[in-house]
Amino acid sequence: ALPNVMVFFTPEEIAIAEPLVDLLLEQDGEPRIPVLAMIDARLAGGETDGWHYDDLPEDGAAWRTSLAALDDDARARFQKGFGELEPSLQAALMQALQDVSQRGEHWHGYPAKHVWSLWTRYACAAFYSHPWSWNEIGFGGPAYPRGFMRLGGPGADGAAVREPFEKPGATDEDPVQVVDTWQS
């Protein structure tokens, strides 16, 4: 999928989910990290955390169900869909859900704390995997941002060619050959 092109979420779900994740992460101005597009790509590709709460459906279905429930709450309380509300009213609905969560109660048939966990887990994973957020947490970036120059393998003499910043190991022994000789 192309960046920022939604595949998993429907347009109706996007209208609910976009303000939801922006509110969760306080992304109230540009530039915004494309959190929802990153969540959409994960769900479309089936890239979940490898587990889900027993009392929630699998993550994709849980997202769909919980977004619909949030929109139902908005319509019941304010006669508008969640995406149509002012941010302060959206925040009030989310605070109500968080209050229910902290009391250990259910929300639309599911433990509110598990729904809250689903949303925040996906939103935070997407947000903090993006380079724009790294300064916020003091992460300077990957250890080798310059990349690797010498991917070709051994040099003319058969020895491995090191990157300019690499230091030689304690020995030049090939660990695979050493293990093979131990096993024979």
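Look up a bit, the structure's there.
Predicted, not measured: the structure shown is a model, and the values here were computed from it. (Residues numbered from 1 in each chain as written. Predicted model: local features only at pLDDT ≥ 70, side-chain atom pairs only at ≥ 80, totals over all residues. Heavy atoms only, no water.)

Enquirer: Lay out the pattern of salt bridges with the relevant residues and their values.
Expert: Under the defined criterion, the tally for this structure stands at 9 salt bridges. Between R121 and D49 there is a salt bridge, with the nearest N and O atoms lying 2.5 Å from each other. On the criterion of sequence distance, the pair formed by R121 in helix α5 (residues 112-128) and D49 in the loop between α2 (35-44) and α3 (59-78) is long-range, its members being 72 residues apart. Notably, a salt bridge pairs D71 with R75, separated by 3.1 Å at the nearest N-O pair. (Salt bridge = Lys/Arg side-chain N within 4 Å of Asp/Glu carboxyl O. Helix = DSSP H or I, 4+ residues; strand = E, 2+ residues; numbered from the N terminus.)

Enquirer: Account for α5, with residues named and values stated.
Expert: Taking 1.5 Å of rise per residue, the 17 residues of α5 would be expected to cover 24 Å, and the 24 Å separating its terminal C-alpha atoms lies within 8% of that figure. Along α5, the positions that sit buried rather than exposed are A112, H114, V115, W116, S117, L118, W119, R121, Y122, A123, A126 and F127. (Expected span 1.5 Å × (residues − 1). Buried < 20%, exposed > 50% of the residue type's maximum accessible area, 1.4 Å probe, protein only.)

Enquirer: Can you explain the side chain of S101? Please cite residues and give values.
Expert: Topologically, S101 is positioned in helix α4 (residues 87-102). On the basis of relative accessible area, S101 is assigned to the buried category, the value being 11%. Not counting residues within four places of it along the chain, the set of residues in contact with S101 comprises A112, K113 and W116. (Contact = heavy atoms within 4.5 Å.)

Enquirer: Any details on the nonpolar core? Residues and values, ideally.
Expert: F9, V35, I39, W63, W107 and W119 are the most contacted members of the largest nonpolar core, which has 36 residues in total. At the level of elements, α1 (11-25), α2, α3, α4 and α5 are the ones that each hand at least two residues to this core. Considering each element in turn, this core owes the most residues, 9 residues, to α5. Look past the residues within four positions of W63 in its chain and what remains in contact with it is F9, L20, V21, I39, L43, L118, W119 and Y122. (Core = buried A, V, L, I, M, F, W, Y, C linked by side-chain atoms within 4.5 Å.)

Enquirer: With reference to specific residues and values, describe α4.
Expert: Residue pairs spaced three or four apart in an α-helix point in one direction, given the helix's 3.6 residues per turn. An ideal rise of 1.5 Å per residue puts 22 Å on 16 residues; α4 measures up with 22 Å between its terminal C-alpha atoms. Where α4 is buried, its residues meet α1, α3, β1 (106-107) and α5. With its phi angle positive at about 75 degrees, G104 sits one or two positions after the end of α4.

Enquirer: Can you explain unusual backbone geometry? Please cite residues and give values.
Expert: Put simply, E30 and P31 share a cis peptide bond, and its omega is 0 degrees. Relative to the helices and strands, P31 resides in the loop between α1 and α2. A positive phi angle, near 60 degrees, is found at Q79, a position not held by glycine. Here Q79 lies in the loop between α3 and α4. Notably, H108 is not glycine yet its phi reads approximately 50 degrees, a positive angle. Structurally, H108 can be placed in the loop between β1 and β2 (110-111). According to the relative accessible area criterion, H108 is partly exposed, its value standing at 41%.

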